[in-house]
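Listed below are the residues making up each chain.
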Amino acid sequence: MTEAILLVGGKGTRLRPLTVHTPKPMVPAAGVPFLTHQLARARAAGVEHIVLATSYLAEVFEPYFGDGSALGLHIEYVTEEEPLGTGGAIRNVASRLRSGPDEPVLVFNGDILTGLDIRALVRTHETSGADVSLHLTQVTDPRAYGLVPTDGTGRVLAFLEKPQTPEEIVTDQINAGAYVFRRSVIDTIPAGRVVSVERETFPGLLEAGAHLQGMVDSTYWLDLGTPAAFVRGSADLVLGKAPSPAVPGRCGDRLVLPTARVAPDAKLAGGTVVGEGAFVAEGARVFGSTILPGAVIEPGAVVTDSLIGTRARVGERAVLTGAVIGDGAVIGARNELREGVRVWCDARIPAGAVRFSSDQ
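A quick note: this is a predicted structure, and the numbers were derived from the prediction, not measured. (Residues numbered from 1 in each chain as written. Predicted model: local features only at pLDDT ≥ 70, side-chain atom pairs only at ≥ 80, totals over all residues. Heavy atoms only, no water.)

Strand order in the open sheet formed by 6 strands is β12-β15-β18-β21-β24-β27, with parallel pairing between adjacent strands. One side of each edge strand has no neighbouring strand; the edge strands of this open sheet are β12 (254-256) and β27 (342-343). Examined bridge by bridge, strand β21 (residues 307-308) and strand β24 (residues 324-325) share 2 bridges and lie parallel to one another. Its bridge partner lying in β24, L307 is registered against V324. Packed on one face of the sheet, helix α7 (residues 227-239) meets β12, β15 (272-274), β18 (290-291), β21, β24 and β27 and runs near 90° to β15. (Pairing = 2+ DSSP bridges. Helix = DSSP H or I, 4+ residues; strand = E, 2+ residues; numbered from the N terminus. Contact = heavy atoms within 4.5 Å. Axes fitted to C-alpha atoms, helices over the stretch in contact; angles between N-to-C directions.)

What follows is the structure, encoded as C-alpha cells:
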C-alpha cells in the first residue's frame, strides 16, 4: 500500500469562527496545520502518493504543501466544484490513482486525530481478502455515532444509524473514519453526484455480498469537529498522548514556537501552544490552550482550554475558559468569558463588558 486519498473538503461549520478564513485541516494543532500530522503519519506507514480531495477554500492547500517533497511525499490536488460527500469525493479523485485493480488504497478523513496502526489495518485488509476494511473504535457513549457490529472474525454485519434507545445499542464499535479500499471498488462508486460512503456505499456493498472487514483499534481517537475537541487534540499532541512525528519540538507541558515571546513569570502548562510571533505577557497564566500566530495575551490574563485566533488580543486580567476567539478579535481588559463562547473574527469587546462576577 503506497497511496492514499485524504478527504479535506469539508467546510468545518462546527468549528467556526476558526474556519472563516482557514479550512479545518489547515487550522494549527501543536504548532502546524493539523493536516501536517496526518500526512506525516501516512508517510511513516509507507504511503508515498497522496491525493487531497479539496473543496472549501481549496486554494489554501497547495501553496503550503506544494508537491509534498518536504514531507517525503508526492501530493496531488483535486478540487470539487460542488461538494460531493465522502463517497463522491473518493470517486472524484479516482483518475489520479496509480494502483492496480486489486491493490489497496488508504482513505482517511481530514478531521480525525488518531493513533491508528495504519500498517496493521492494511495487513488486516490483505490477510482477510476484504473488499473494504474499516478502522473501528470503541466509545463509551455511541449514541452520536453510527454503529458497526462485527462477527467473531471481524467481518462487518451491518451499519446502524445513530441509536436512540438502549435496545438499539448493540455494540460500542463505531466507524472511526479510516479505510482501506480494494482499488476496483472505488470505481463502482457513482461519479458526478453526492455520495456518502457511510450511508450509501458501505451499506450497498454489504447488501450486494461484498466482504467488509472491521479492525478495532482504540489506542487514541478524537473527532476534531468541535472547538473544544480541537483544543484538546492540540494539547494531547503536545503532551504526547496523541502520536505524531510532525510536532515541531519535544513533547511536554508546553510548546513555544521559535519567534514567540513569553514573559519570564508567565505560566504555561497542560499542552499549551504559543504560535509564531505571539506574545504572552507577565503574570499571564495559560493552561491547555492554543495561542495562534501573532496573538497577544496581556498581563495577568488567565486563559484555560481556549483557542485564541491569529492576531487576536486578550486584555489585561481577562479570564477565558473554554472560549474560542476569532482571528483579529479584541477582548478588553477584565472580561470574563466562559465555556462555549465564540467571539467572531475582528469583533471587539470593551473592557469589563462581560462578567460573571462582581467588578469589585
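This paragraph deals with the environment of V107. By the secondary structure assignment, V107 is in strand β6 (residues 104-109). A sequence separation of 72 residues divides V107 from Y179, and the C-alpha atoms of the two residues are 5.1 Å apart. In contact with V107, not counting residues within four places along its chain, are I5, L7, I90, G177, A178, Y179 and F181.

Our next topic: unusual backbone geometry. Residue P17 is reached from R16 by a cis peptide bond, and omega for that bond is 15°. Within the chain, L57 stands out as a residue other than glycine whose phi angle is a positive 50°. Assignment of secondary structure puts L57 in the loop between β4 (49-54) and α2 (61-65). By relative accessible area, which is 21% here, L57 ends up partly exposed. With a phi angle near 65°, D346 is a residue other than glycine that sits in the positive phi range. With respect to the helices, strands and loops of the structure, D346 is situated in the loop between β27 and β28 (348-349). (Buried < 20%, exposed > 50% of the residue type's maximum accessible area, 1.4 Å probe, protein only.)

The subject of this paragraph is α7. Here α7 is 13 residues long and its end C-alpha atoms lie 18 Å apart, about the 18 Å a rise of 1.5 Å per residue gives. Turning to α7, its buried residues are P227, A229, F230, V231, G233, S234, A235, D236, L237 and V238. Backbone geometry just downstream of α7 places G240 in the positive-phi region, at approximately 85°. (Expected span 1.5 Å × (residues − 1).)

Strand β9 (residues 173-182) sits mainly inside the fold: 10 of its 10 residues count as buried. Pairing analysis gives 5 bridges linking β6 to β9, with the strands arranged antiparallel. Its bridge partner lying in β9, V107 is registered against Y179. Direction of pairing for strand β8 (residues 132-138) relative to β9: antiparallel, over a ladder of 6 bridges. Pairing of L134 across the sheet is with Y179, part of β9.

Core analysis: the largest hydrophobic core is formed by 29 residues, its most contacted members being I5, I90, V132, L134, F181, F202 and L212. Every element with two or more residues in this core is listed here: β1 (3-7), β4, α3 (85-92), β6, β8, β9, α5 (183-186) and α6 (197-207). When residues no more than four places from it in sequence are discounted, the contact partners of F202 are V132, L134, F159, N175, Y179, F181, V197 and L212. (Core = buried A, V, L, I, M, F, W, Y, C linked by side-chain atoms within 4.5 Å.)

Next up on the list: the sheet that holds β9. A sheet is described by the order of its strands in space; here 7 strands give the open sequence β5-β4-β1-β6-β9-β8-β10, paired in mixed fashion. In this open sheet, the two edge strands, each paired with only one partner strand, are β5 (74-79) and β10 (212-216). Each strand of the sheet is rotated relative to its neighbour by a mean of 25°, with strand direction disregarded. Where β8 and β10 come together, 5 bridges link them in parallel fashion. Residue S133 lies in a different strand from β10, and its bridge partner there is Q213. Along the sheet, helix α4 (residues 118-128) contacts β6, β8, β9 and β10; its crossing angle with β9, the most-contacted strand, is approximately 65°.

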